[in-house]
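Residues per chain are reported as follows:
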Amino acid sequence: KQEVTQIPAALSVPEGENLVLNCSFTDSAIYNLQWFRQDPGKGLTSLLLIQSSQREQTSGRLNASLDKSSGRSTLYIAASQPGDSATYLCAVAHMGNEKLTFGTGTRLTIIP
Amino acid sequence: DTGVSQDPRHKITKRGQNVTFRCDPISEHNRLYWYRQTLGQGPEFLTYFQNEAQLEKSRLLSDRFSAERPKGSFSTLEIQRTEQGDSAMYLCASSQMGGASNTGELFFGEGSRLTVL
C-alpha cells in the first residue's frame, strides 16, 4: 500500500527566503507525482506534475524534483511571498488507474 | 471552459438525512474522481469513473454511499442516512486519459463541504 509522507507539517519563513518542501513515498511504481496548493476552505490547485520518467519540472518560482528510486520529491519555492502562504500537498498517481495518494500536507506561512 | 464545478459548496444537514452532491467535470475529460478530505488531512480516494463506468470503489465507500455518472458527463455522490463522521469536504476531480499528449493530470473542483449535526 502506497504511503506518502510530507515533512515538515508546518513551516514559517520570512518573506524573500527560498524554501524546500519534502515529500517521500513508499512504492516507486508510480505514474506521476503532482504538487498541489490548497488555501483554507478551498479546493486544490495543481502546481506541477512530474511524469515518472522525468527528473524535474519548473513553473515560475517553483521547481519540483523527483527521485523515483529513493521515493522522494522536493518542491523548491524561490523568493517567497506572503501570497505563497497555503497548504502544499504532494500526491502520487498509481500505475494503471492513476488515482492519487496524498500526503497530509505542509502548512506554509510567509511572514511579511 | 470554467474547470471542474461542484454543487452545493456547503451543506448542513441533520443526522439521518440524505444528501447529494453534483460534479461537472471539464467537458472533454473522460475520467472523474471523488475524494474526501477531513480537517488537517490529505484527500482520500473514494471512487472513480471512466466515462459512465465506475471502475473502482474504496473501502471507505460504505453501503450508504453511492456514486453515478449516467451519461459519462456529470456525476452525483449520494450519502444516505448521514452520520456525524461523514462531515468532510467532498472533492471532485477530472482528467483526460489516453493519447500521447495526456499526462494524467487531475484538476480539482472547489469541493462540497458537508456538516452533519
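(A) Local environment of the interface of chain A and chain B. Taken residue by residue, the interface counts 21 residues in chain A and 24 residues in chain B. Summing the contributions of chain A and of chain B, the shared interface buries around 1700 Å²; its carbon and sulfur component is 49%. The largest per-residue losses of area from chain A upon contact with chain B belong to Leu44, Glu98 and Lys99 of chain A, which jointly make up 25% of the total buried on that side. Here chain A is connected to chain B by one salt bridge. Counting every contact that joins chain A to chain B gives six residue pairs in polar contact (both at pLDDT 80 or more). Elements with a contribution of two residues or more to the side of chain A that touches chain B: strand S4 (30-38), strand S5 (44-51) and strand S10 (100-102) of chain A. It is S4 of chain A that provides the largest number of residues to the side of chain A that touches chain B, a total of five residues. Split by residue class, the side of chain A that touches chain B holds seven nonpolar, eleven polar and three charged.

(B) Looking closely at the pattern of salt bridges. All names here are of chain B. Applying the stated rule across the entire model yields seven salt bridges over all chains. Asp24 serves as the salt-bridge partner of Arg22, at 2.8 Å between the closest nitrogen and oxygen. Since its relative accessible area comes to 34%, Arg22 is described here as partly exposed. The exposure class assigned to Asp24 is partly exposed, which follows from its relative accessible area of 25%. With a closest N to O distance of 2.8 Å, Arg64 and Asp86 form a salt bridge. You can see Arg64 sitting in the loop between strand S6 (53-57) and strand S7 (65-68) and its partner Asp86 sitting in the loop between strand S8 (75-79) and strand S9 (88-95), a full 22 residues away along the chain. Each member of the pair, Arg64 as well as Asp86, is classed as buried. What you see here is one network of salt bridges that share partners, running through Arg64, Glu83 and Asp86.

(C) Focus on the sheet that holds S8 of chain B. All names here are of chain B. Spatially, four strands are ordered S1-S3-S8-S7 in an open sheet, and the strand pairing comes out antiparallel. Pairing within the sheet leaves two strands with one partner each, and these edge strands are strand S1 (5-7) and S7. Strand after strand, the sheet turns through a mean of 15 degrees between neighbouring axes, direction not considered. Summarising the sheet, S7 and S8 pair through four bridges and their orientation is antiparallel. In the sheet register, Phe65 faces S8, and the bridge partner there is Ile79.

(D) Broad picture of the nonpolar core. All names here are of chain A. If you look at the biggest cluster of nonpolar residues, it comprises 22 residues, and the most contacted ones within it are Leu33, Trp35 and Leu75. Those elements that place two or more of their residues in this core are strand S3 (19-25), S4, S5, strand S7 (62-67), strand S8 (72-77), strand S9 (86-94) and strand S11 (106-111). What Leu33 contacts, discounting residues up to four positions off in sequence, is Phe25, Leu48, Leu49, Ile50, Leu66, Ser73, Cys90, Ala91 and Val92.

Parameters at a glance
- All residue numbers refer to position in the chain's written sequence, counted from 1.
- Working convention: letters from A go to chains and numbers from 1 go to ligands, in the order in which they are written.
- In keeping with the model being predicted, local features are shown solely for residues with a pLDDT of at least 70 and side-chain atom pairs are shown and tallied solely at 80 or more, while totals for entire chains, interfaces and linings include all residues.
- Computation of side-chain values covers all heavy atoms of the structure but excludes hydrogens and water.
- Between two residues, a contact is recorded if the distance between any of their heavy atoms is within 4.5 Å.
- Two parts lose some accessible area (1.4 Å probe) when they are put together, and adding that loss for both gives the buried area.
- The term salt bridge refers to a pairing of a side-chain nitrogen on Lys or Arg with a carboxyl oxygen on Asp or Glu at a separation within 4 Å.
- Between N or O atoms, a polar contact is any pair within 3.5 Å; within protein, one atom must be a potential hydrogen donor and the other a potential acceptor, and residues adjacent in sequence are included only when both atoms are from side chains.
- Helix and strand labels come from DSSP, where a helix needs a run of H or I of at least four residues and a strand needs a run of E of at least two; each type is numbered from the N terminus.
- Amino acid classes used here: Ala, Val, Leu, Ile, Met, Phe, Trp, Tyr, Cys and Pro are nonpolar; Asp, Glu, Lys and Arg are charged; the rest, including Gly, are polar.
- Three exposure classes are used, based on accessible area relative to the maximum for each residue type with a 1.4 Å probe and protein chains only: buried under 20%, partly exposed in between, and exposed over 50%.
- Strands pair, by our definition, only if DSSP identifies at least two bridges between them.
- Simply put, an axis is a line fit to the C-alpha atoms, just over the touching stretch for a helix, and the angle between two N-to-C directions goes from 0 to 180 degrees.
- For the purposes of this section, nonpolar cores are sets of buried Ala, Val, Leu, Ile, Met, Phe, Trp, Tyr and Cys residues that join through side-chain atoms within 4.5 Å.

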